[in-house]
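Coordinate analysis (summary)
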Amino acid sequence: MIKLGVNIDHVATIRQQRYTDYPDPLLAAIKAEEAGADLITLHLREDRRHIQDNDVFAMRKILKTRMNLECSLSVDIINIACKAKPDDVCLVPENRSELTTEGGLDVIKHMSSIRNVVDLLSSNEINVSIFIDPDIVQIEAAAKIGIGIIEIHTGKYSDAAPSQINNELFRVKEAVGFAKSQGLKVNAGHGLSYDNVTSIASIDGIEELNIGHSIISRSIFDGIHNAVVEMKRIILEARNK
Ligand code: PXP
């Protein structure tokens, strides 16, 4: 059954805009789990623009499902991950000026630091995945590192002009097929919304979708419970068709 990871970073984004103690991303995570989230995803960025160190440690204590912490390759961030011991770490690229994670991690360019980080996290019994573009060469490199899980970046699919959507969908499908042939567990995410998620959720072989911005946005009008329930309904229905 396809799983839904709810990314609660944007609850913290609103809080950090005023440095208040509300809205609380922990409460959002609890409510998302109650509504059927299979895991909670959060990104401790080097610039701490949303999630703070305290959130990570507090979340670790209260989550009932799984905690998936997105981390850059920065030594400081990886050390925090080793202390917090999330179930999973997803390695992502970071760039100060980006609005959000704009592309997958370049596995070939960062091969040796990825190897070191994977070894360190694995020795702390943390599952590691790499956020990666739907690119066969990158996936092949990830498989060579001996990593067991990848998350395919669906941003290009999500942002594609109508004339390009099918091409981008095809790239994701090919990438999933190739990754499975290499024995990898495949997750996907970025930019997925209530309108565009069905085609991605329908791809056999994708085990988890990580979705944040669209769910937190819908929560403003519908509440987080209903927003999570509705996203889960759509992805389960897509898979069962
Ligand atoms: N997966 C990864 C690795 C991400 O970095 C993000 C964004 O933080 C997401 C999924 C969720 O993306 P969105 O907020 O666009 O749904």
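Residues numbered from 1 in each chain as written. Predicted model: local features only at pLDDT ≥ 70, side-chain atom pairs only at ≥ 80, totals over all residues. Heavy atoms only, no water.

As recorded in an unreviewed UniProt entry, the chain goes by the name Pyridoxine 5'-phosphate synthase, listed as coming from Candidatus Kinetoplastidibacterium blastocrithidiae TCC012E. Of the comments in the UniProt record for the chain, the one headed Function (unreviewed entry) reads "Catalyzes the complicated ring closure reaction between the two acyclic compounds 1-deoxy-D-xylulose-5-phosphate (DXP) and 3-amino-2-oxopropyl phosphate (1-amino-acetone-3-phosphate or AAP) to form pyridoxine 5'-phosphate (PNP) and inorganic phosphate." Turning to the chain, the UniProt annotation filed under Subcellular location (unreviewed entry) states: "Cytoplasm". (UniProt positions renumbered as here; feature names shortened; annotations may be inferred.)

Bringing the UniProt feature "site: Transition state stabilizer" (unreviewed entry) in the chain into the picture now. UniProt records the feature "site: Transition state stabilizer" (unreviewed entry) at E151, using the numbering of this structure. The residue E151 is located in strand β6 (residues 149-153) in this model. Residue contacts for E151: discarding those within four places in its chain leaves C90, I130, F131, I132, N187, A188, G189 and N210. (Helix = DSSP H or I, 4+ residues; strand = E, 2+ residues; numbered from the N terminus. Contact = heavy atoms within 4.5 Å.)

Before going further, it helps to spend a moment on the layout of surface pockets. Each pocket or cavity is described by its volume, and for the second largest pocket that value is around 200 Å³. Together, V11, I14, P23, D24, L27, A28, K31, I216, S219, I220 and I224 line the second largest pocket. Listed by contribution, the elements that provide at least two residues to the lining of the second largest pocket are α1 (9-18), α2 (25-34) and α10 (213-240). For the lining of the second largest pocket, the leading source of residues is α10, giving four residues. Across the lining of the second largest pocket, the residue classes break down as eight nonpolar, one polar and two charged. (1 Å grid on protein atoms, 1.4 Å probe; cavity = no way out; pocket = protein on both sides within 12 Å on 5 of 7 lines; lining within 4 Å. Points joined across faces, edges and corners; volume = space filled by probe spheres on them. Nonpolar A, V, L, I, M, F, W, Y, C, P; charged D, E, K, R; others polar.)

This part is about the sheet that holds strand β2 (residues 39-43). Spatially, the eight strands close up into a barrel ordered β1-β2-β3-β4-β5-β6-β7-β8, and their pairing is parallel. Sheet twist, expressed as the average angle between the axes of neighbouring strands with direction ignored, equals 25 degrees. By the bridge criterion, five bridges tie β6 to strand β7 (residues 185-189) in an arrangement that is parallel. Bridge pairing in β7 places I152 opposite A188. Each of β6, β7 and β8 (206-211) touches helix α8 (residues 165-181); the most contacted strand, β6, lies at about 175 degrees to it. (Pairing = 2+ DSSP bridges. Axes fitted to C-alpha atoms, helices over the stretch in contact; angles between N-to-C directions.)

Once that is clear, we can look at α1. Listed in full, the buried residues belonging to α1 are D9, V11, A12, R15 and Q16. Buried residues in α1, looked at end-on, bunch into an arc of 150 degrees, giving them a common side. Turned more than 90 degrees from where α1 packs its buried face, Q17 and R18 sit exposed. (Buried < 20%, exposed > 50% of the residue type's maximum accessible area, 1.4 Å probe, protein only. Arc of directions from axis to C-beta.)

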